[in-house]
Amino acid sequence: MTTHPPAPERPGALDTEDAGALDAFLAARPQLFGIAYRMLGSVAEAEDVVQDAWIRWQGTDRGAVRNPAAFLTTVTTRLAINAATSARARRETYVGPWLPEPVDTSEDPALGAERAEALELATLLLLERLTPVERAVYVLREAFGYPYGRIAEILDLTEANARQLGRRARDRLGTREAVPVDPGEHRRLLDELVAAAHEGDLARFERYLADDVVARPDGGGRVHASRVELVGLARVSLFLDNVWRKYWDAGTVRVVEANGLPAVVVDLDGAPYALLALDVVGGRVEHLYIQVNPDKLAGYAAAS
């Protein structure tokens, strides 16, 4: 499954201007989706933003646009800011903890960016601390390498203001982005977790958990799931043991890629039931992200 919306259909006959407009949009679309997804943490919402950008592009006097990619980036970023403002209000009434929707980056490794910054689930969750404009500055700068002068143009700010927002965003995120992410370490710990669970001895996995580890389940009110975070080694270990024995042990476990890192999907009755991702720092699991909201697992439906 692709991580961005399908291309607008190309009619049987396009004049040169329309064909050029479509080609310009298709060339920019991976980056547009990459910006919108990082801003919103939702595939569906990012797709809506990109579709809205396409509609705006169709209605634009394109003869006056010197740089289509720059124009489309500006439109998409501003639409994503508006969408993030609405999403923040909706998430105030979200049932239980909220997690970003994971994406299978094995199908779209870079999500339209030259670098993978601001893509990991842990970082996307931290981005929720920022205002939508701060988030836009951070994403454009850290994930796409835009200079502050260009960011200021996109967001209709002064360059000094853009720099200030960028510093504020980094300060509010703390040192998260300075922590190196090691996919091999993630995979090793996932393998240890799956082995311990299958052997009915999750206690052996406790040695990899930080003392203040946090488990964050996201059921969104769609399925039965804890509506609070679980904090501390004892509570998280007991919770993980319970859910694995009661719900997941009868399923099929497979290792996938989620937002650039290994994760585990549990399939029940041929459909993805849960996705478990780890946030690992210094060889210790600091967070377990447990996605069980079926609306956010469609991208991991096993190929028939």
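Just so it is clear, the structure is predicted and the values come from calculations on it, not from any experiment.

(A) Here's a closer look at the sheet that holds strand β1 (residues 209–218). Pairing is mixed across the open sheet formed by 6 strands, whose spatial order is β2-β1-β6-β5-β4-β3. With partners counted over all chains shown, the strands left at the sheet margins are β2 (230–231) and β3 (252–258), one partner each. In the sheet, strand β5 (residues 271–281) pairs with strand β6 (residues 284–291) via 7 bridges, with the strands oriented antiparallel. Bridge assignment links Val280 to a residue of β6, and that residue is Val285.

(B) Seen up close, the side chain of Arg135. Residue position: Arg135 is located in helix α5 (residues 132–143). On the basis of relative accessibility, which here comes to 2%, the residue Arg135 falls in the buried class.

(C) Broad picture of the packing of helix α2 (residues 43–58) against helix α3 (residues 68–91). The geometry of α2 relative to α3 is characterised by a closest axis approach of 9 Å and an angle of 140° between their N-to-C directions. Our classification of the angle between α2 and α3 gives oblique. Here the hand of the crossing between α2 and α3 comes out right-handed. Between α2 and α3, the residues in contact are Glu45, Val49, Asp52, Ala53, Arg56 and Trp57 and Pro68, Phe71, Leu72, Val75, Thr76, Leu79, Ala80, Ala83, Ala87, Arg90 and Arg91, respectively. Grouping the amino acids of the contact of α2 with α3 by side-chain chemistry returns 11 nonpolar, 1 polar and 5 charged.

Thresholds, definitions, all that
Residues numbered from 1 in each chain as written. Predicted model: local features only at pLDDT ≥ 70, side-chain atom pairs only at ≥ 80, totals over all residues. Heavy atoms only, no water. Pairing = 2+ DSSP bridges. Helix = DSSP H or I, 4+ residues; strand = E, 2+ residues; numbered from the N terminus. Buried < 20%, exposed > 50% of the residue type's maximum accessible area, 1.4 Å probe, protein only. Axes fitted to C-alpha atoms, helices over the stretch in contact; angles between N-to-C directions. Parallel < 35°, antiparallel > 145°, perpendicular 65-115°, else oblique. Left-handed = near helix turned anticlockwise from the far one by under 90°. Contact = heavy atoms within 4.5 Å. Nonpolar A, V, L, I, M, F, W, Y, C, P; charged D, E, K, R; others polar.

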